[in-house]
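A closer look at the structure
Here are the chains, one letter per residue:
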Amino acid sequence: MTCEPSHKPPSPETVDALVRIVGEDHAIRDADAMAPYLVEWRDRYRGKAALVLKPGETEEVSSILKLANETRTAIVPQGGNTGLVGGQIPFETGHEVVVALERLNRVRNIDLASNCMTVEAGLVLALAQQVAANAGRLFPLSLASGGSCQIGGVLATNAGGTAVLAYGSARDLALGLEVVLADGRVWDGLKSLRKDNSGYDLRDLFIGSEGTLGIITAAVVRLFPKPAERVTCMAGLSLLEAAPDFFARVLARAGPALTAFEIMPRIGLDFVLRHGSDAGDPFPSPHAWYVLFELTSPREGEELQRLAETALDEGLKTREIEAAVIASSLGQGAALWRLRELMSEVQKHEGGSIKHDVAVPVARVPEFVARANQLVELMIPGARPVPFGHLGDGNIHYNVSQPPGMDRAIFLSHWEALNAAVHEIVLDLGGSISAEHGIGRLKRDLLPHAKSVIELELMRKIKAAFDPNGILNPGKLL
């Protein structure tokens with residue numbers, strides 16, 4: 001486990017001064033009232049805080065950090081509290097101040113000519129998508145937590161989601177940022193330029209930095225034409241080894257129209273059917289694996305249905321897939337996607353779950369899953385691997401549910417050992433121990449094993465340059 005930061009608690013005078021910045025109505029001192037901001041949603045981390053602040057303006061964030069830097073008060077930035085590696089949760093000392101950005105939730109500007117909009121960090125992702133849709137555009141970042149995660153959080157963690165294949169991760173969707181630095185100064189980088197080669201790209205330093213270099217308060221995000229055609233398909237496979245070949249086939253037929261390509265195991269679908277509401281099996285008989293993919297186009301008449309049918313027919317003839325369904329309506333397409341979106345949530349009902357967010361080359365996904373499954377059975381006999389995720393970009397959520405009847409606490413005590421062993425396989429295959437969830441607290445002590453000495457040295461120098469007093473999210477990432 002990661003060590004706790006060494007900062008001292010803020011003095012009563014500092015607490016009072018911080019409260020005055022946002023006002024008593026937007027500061028939480030009571031421990032019980034702070035509770036929702038101190039617990040990770042899957043309950044792996046429970047922290048304490050000296051105070052929770054909810055600033056409503058960038059200037060307030062600036063004043064908070066200026067005072068925090070002067071008094072050496074540790075600050076934990078927090079978006080929608082949907083993170084999965086503990087980066088948004090304070091440590092157990094109670095010395096830190098949480099800065100929750102939920103009130104910075106305005107849409108500052110929509111520029112349809114430039115296909116972008118400027119939004120504040122606390123805007124919920126689903127609302128950002130709706131604002132874009134109301135303007136006749138698409139904001140394609142799509143996450144299962146879209147109803148609660150916030151723009152600042154998804155940028156701070158460089159979140160991915162189901163549309164990375166076509167549109168890229170959060171980093172690819174941000175043109176510019178507004179960031180409050182550790183000393184309270186504000187960097188106004190809210191540019192909508194697609195090309196800017198004038199020196200170091202500061203934007204890319206802050207994206208994915210998990211609140212350790214500065215607090216993102218606003219962003220210029222890219223918009224795209226809304227799809228005029230959409231075809232959603234699901235296929236059953238007997239062997240995961242056939243999935244990369246089938247992916248290559250669909251990609252060759254559909255090209256840039258292929259916007260998502262996901263894999264799911266039968267055990268995961270069983271969990272969804274058992275615990276998910278309004279979920280039904282789209283096939284009359286079970287299959288060992290499933291792929292879910294979607295084709296979209298901003299133009300009508302692209303014959304996406306024909307492209308999908310051709311790829312599926314070829315897959316059936318070559319026995320890459322065993323069966324297939326094509327959604328005949330938007331409602332049916334949404335129902336197929338719901339099977340995928342519920343896969344993380346329903347695992348809670350099966351007891352403890354040890355999770356991994358990893359990436360390996362697409363062609364090596366079957367090898368990774370096979371090797372990891374063998375390892376799990378050796379280390380925890382009877383444990384149930386539930387590997388699923390974004391085959392199109394090699395990002396697999398390798399979750400392991402506890403054996404039926406096993407004590408939950410005993411099972412979860414294997415977390416660190418199993419993580420280490422699975423990550424060894426990932427690194428051996430040329431992969432990454434964190435594909436889209438970040439490092440946070442959970443993987444901080446694993447990072448030296450995954451990064452070279454020079455990489456870590458450069459990262460520490462960047463941290464020291466941006467936050468010399470170490471007040472920003474101490475003990476996270478590095």
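All of these numbers come straight from a predicted model, not from anything done at the bench.

What follows covers the overall build of the protein chain. A count of helical and extended segments in the protein chain gives 18 helices and 19 strands. Burial status across the protein chain gives 53% buried among its 478 residues. As presented, the protein chain carries roughly 19,900 Å² of accessible surface, and 52% of it is formed by carbon and sulfur atoms. Computed over 47 positive and 58 negative side-chain charges, the inter-centroid distance for the protein chain is 2 Å.

Of all the positions in helix α4 (residues 125-134), only Leu 125, Ala 128 and Ala 132 are classed as buried. Burial along α4 is one-sided: seen end-on, the buried residues are contained in an arc of 60 degrees. Buried residues in α4 make contact with β6 (116-120), β7 (137-138) and α5 (151-156). Just downstream of α4, Gly 136 is the residue with a positive phi angle, here 80 degrees.

Within the element layout of this structure, Ile 215 appears in strand β10 (residues 214-222). Not counting residues up to four positions away in its chain, the partners in contact with Ile 215 are Val 61, Leu 65, Ile 75, Pro 77, Leu 101, Glu 178, Val 179, Val 180 and Leu 472.

A few words on the side chain of Glu 350. Take Glu 350: it is sitting in the loop between α13 (343-346) and β16 (353-354). Accessibility expressed as a relative area gives 12% for Glu 350, which makes it buried. Among the polar contacts listed, one links the side chain of Glu 350 to the side chain of His 275, at a separation of 2.6 Å. If sequence neighbours within four positions are ignored, Glu 350 has contacts with Phe 271, Arg 274, His 275, Arg 384, Ser 401 and Gln 402.

For any two helices packed against each other, the geometry is given by the interaxial angle and the distance between the axes. At their nearest, the axes of helix α14 (residues 365-379) and helix α16 (residues 415-428) sit 10 Å apart, and the two run at 155 degrees to each other. On the basis of the axis angle, α14 is roughly antiparallel to α16. Viewed along their axes, α14 and α16 form a crossing whose handedness is right-handed. Contacts between α14 and α16 involve Phe 368, Arg 371, Ala 372, Leu 375, Val 376 and Met 379 from the first element and Ala 417, Leu 418, Ala 421, Val 422, Ile 425, Val 426 and Asp 428 from the second. Among the residues making up the contact of α14 with α16, the classes are represented as 11 nonpolar, no polar and 2 charged.

With that settled, consider α16. Here α16 spans 20 Å end to end across 14 residues, near enough to the 20 Å set by a 1.5 Å rise per residue. Taken together, the buried positions of α16 are occupied by Trp 415, Leu 418, Asn 419, Ala 421, Val 422, His 423, Ile 425 and Val 426. Of the residues trailing α16, Gly 430 is marked for its positive phi of about 75 degrees.

Time to look at a nonpolar patch on the surface. Residues Val 107, Ile 110 and Leu 112 make up a contiguous nonpolar surface patch of about 190 Å² in total accessible area. Mapped onto the fold, Val 107 is located in strand β5 (residues 107-111). On the basis of relative accessibility, which here comes to 33%, the residue Val 107 falls in the partly exposed class.

So, about the side chain of Thr 296. Mapped onto the elements of the fold, Thr 296 is located in strand β14 (residues 289-297). Excluding its chain neighbours within four sequence positions, the residues that come into contact with Thr 296 are Tyr 167, Pro 227, Glu 229, Arg 230, Ala 257, Thr 259 and Leu 304.

Attention now goes to the nonpolar core. By size, the foremost hydrophobic cluster in this structure holds 52 residues, and its most contacted members are Phe 261, Phe 293, Leu 295 and Phe 368. Secondary structure elements with two or more residues in this core: β12 (229-237), α9 (243-254), β13 (258-265), β14, α11 (304-317), α14, β19 (395-401) and α16. With sequence-adjacent residues up to four places away left out, Phe 261 is seen in contact with Leu 165, Ala 243, Phe 246, Phe 247, Val 250, Val 291, Leu 292, Phe 293, Gly 389, His 390, Leu 391 and Gly 392. Counting 30 residues, the second largest nonpolar core, distinct from the first, contains Ala 159, Ala 174, Leu 177 and Leu 213.

What follows is about the sheet that holds β5. Strand order in the open sheet formed by 5 strands is β5-β6-β10-β8-β9, with antiparallel pairing between adjacent strands. On the outer flanks of this sheet lie β5 and β9 (186-189), each paired with one strand and no other. Averaged over all pairs of adjacent strands, the angle between strand axes in this sheet comes to 15 degrees, irrespective of strand direction. As paired elements, strand β8 (residues 174-181) and β9 share 4 bridges and run antiparallel to each other. If you follow Leu 177 over to β9, its bridge partner there is Gly 189. Against the sheet, helix α3 (residues 58-71) engages β5, β8, β9 and β10, with an angle of about 45 degrees to β8.

Per the stated rule, a full pass over the model turns up 9 aromatic pairs. Taken together, a centroid distance of 5.8 Å and an interplanar angle of 25 degrees make the contact between Trp 187 and Phe 206 stacked. In this pair, Trp 187 is assigned in strand β9 and Phe 206 in helix α8 (residues 202-206), connecting sequence segments 19 residues apart. On the accessibility criterion, Trp 187 (24% relative accessible area) is partly exposed. Phe 206 sits in the buried class, given a relative accessible area of 2%. Taken together through their ring pairs, the aromatic side chains of Phe 246, Phe 247, Phe 261 and Phe 293 make up a single cluster.

This part covers the pairing of strand β3 (residues 75-78). Every regular strand shows the same layout, with side chains that alternate between the two sheet faces. Going residue by residue along β3, you find Ile 75 and Pro 77 tucked away on one face and Val 76 and Gln 78 tucked away on the opposite face as well. As judged from the 4 bridges shared by β3 and strand β4 (residues 97-100), these two strands associate in the parallel manner. Residue pairing for β4: Pro 77 is matched across the bridge by Val 99.

Let us now look at the pattern of salt bridges. If charged atoms from side chains of opposite charge come close, those side chains can pair. Under the definition given, this model contains 30 salt bridges. Note that Arg 108 is salt-bridged to Glu 178, the shortest N-O span being 3.1 Å. Taken as a pair, Arg 108 in strand β5 and Glu 178 in strand β8 lie far apart in primary sequence, 70 residues in all. A salt bridge links Arg 444 to Asp 445; the nearest nitrogen and oxygen atoms lie 3.2 Å apart. In the salt-bridge network here, residues are joined through shared partners; they are Glu 57, Arg 106, Arg 108, Glu 120 and Glu 178.

Below, the discussion takes up the packing of α9 against α11. Remark: α9 packs on α11, axes separated minimally by 9 Å, with the N-to-C direction vectors making an angle of 150 degrees. Here α9 lies roughly antiparallel to α11, going by the angle between them. Once α9 is placed against α11, the crossing between them reads as right-handed. Facing Phe 246, Arg 249, Val 250, Arg 253 and Ala 254 of α9, the residues of α11 in contact are Leu 307, Thr 310, Ala 311, Leu 312, Glu 314 and Gly 315. Taken together, the residues that form the contact of α9 with α11 break down as 6 nonpolar, 2 polar and 3 charged.

Thresholds applied
Residue positions are given per chain, counted from 1 along the sequence in the order it is written. At least 70 in pLDDT is required for a residue's local features to be given in this predicted model, at least 80 for side-chain atom pairs to be given and counted, and no such filter applies to totals for whole chains, interfaces and linings, which use all residues. To obtain the side-chain values, all non-hydrogen atoms of the structure were included, while hydrogens and water were left out. To qualify as a helix, a DSSP run of H or I must reach at least 4 residues; to qualify as a strand, a run of E must reach at least 2; elements of each kind are numbered from the N terminus. Remark: exposure states derive from per-residue accessible area (1.4 Å probe, protein chains only) relative to the maximum for the residue type, with buried under 20%, exposed over 50%, and partly exposed in between. A 1.4 Å probe and the Shrake-Rupley method give the accessible areas. Residues count as covered only by the protein chains that appear here. Two residue types count as positive, namely Lys and Arg, and two as negative, namely Asp and Glu; His and chain ends fall outside the count. Positions of charges follow a simple convention, taking NZ of Lys, CZ of Arg, CG of Asp or CD of Glu. This arc is built from the directions going out from the helix axis to the C-beta atoms. Between two residues, a contact is recorded if the distance between any of their heavy atoms is within 4.5 Å. Polar contacts, as used here, are pairs of N or O atoms within 3.5 Å; protein pairs need one atom able to donate a hydrogen and one able to accept it. Residues neighboring in sequence count only if both atoms are side-chain atoms. Between N-to-C directions, angles span 0 to 180 degrees; the directions come from axes that are lines fitted to C-alpha atoms, helices contributing only their stretch in contact. Any angle between 65 and 115 degrees counts as roughly perpendicular, while under 35 counts as roughly parallel, over 145 as roughly antiparallel, and the rest as oblique. Note on convention: near helix rotated counterclockwise from far helix by under a right angle means a left-handed crossing. Clockwise means right-handed. Residue polarity is assigned by list, with Asp, Glu, Lys and Arg as charged and Ala, Val, Leu, Ile, Met, Phe, Trp, Tyr, Cys and Pro as nonpolar; anything else, Gly included, falls into the polar class. Expected helix span is given by 1.5 Å per residue-to-residue step, counting one fewer step than there are residues. Patch construction takes residues with relative accessible area above 30% that form no salt bridge. Like charges are linked within 9 Å, and nonpolar side chains (Val, Leu, Ile, Met, Phe, Trp, Tyr) are linked within 5 Å. Should a side-chain nitrogen of Lys or Arg be within 4 Å of a carboxyl oxygen of Asp or Glu, the pair is scored as a salt bridge. Residues belong to a common nonpolar core when they are buried Ala, Val, Leu, Ile, Met, Phe, Trp, Tyr or Cys residues joined through side-chain atoms within 4.5 Å. Paired strands, in this sense, are two strands between which DSSP finds at least two bridges. Centre distance within 6.5 Å is the pairing criterion for rings of Phe, Tyr and Trp, where only the six-membered ring of Trp is used; planes under 30 degrees apart are then read as stacked, over 60 as edge-to-face, and the remainder as tilted.

Geometry only, nothing functional implied.
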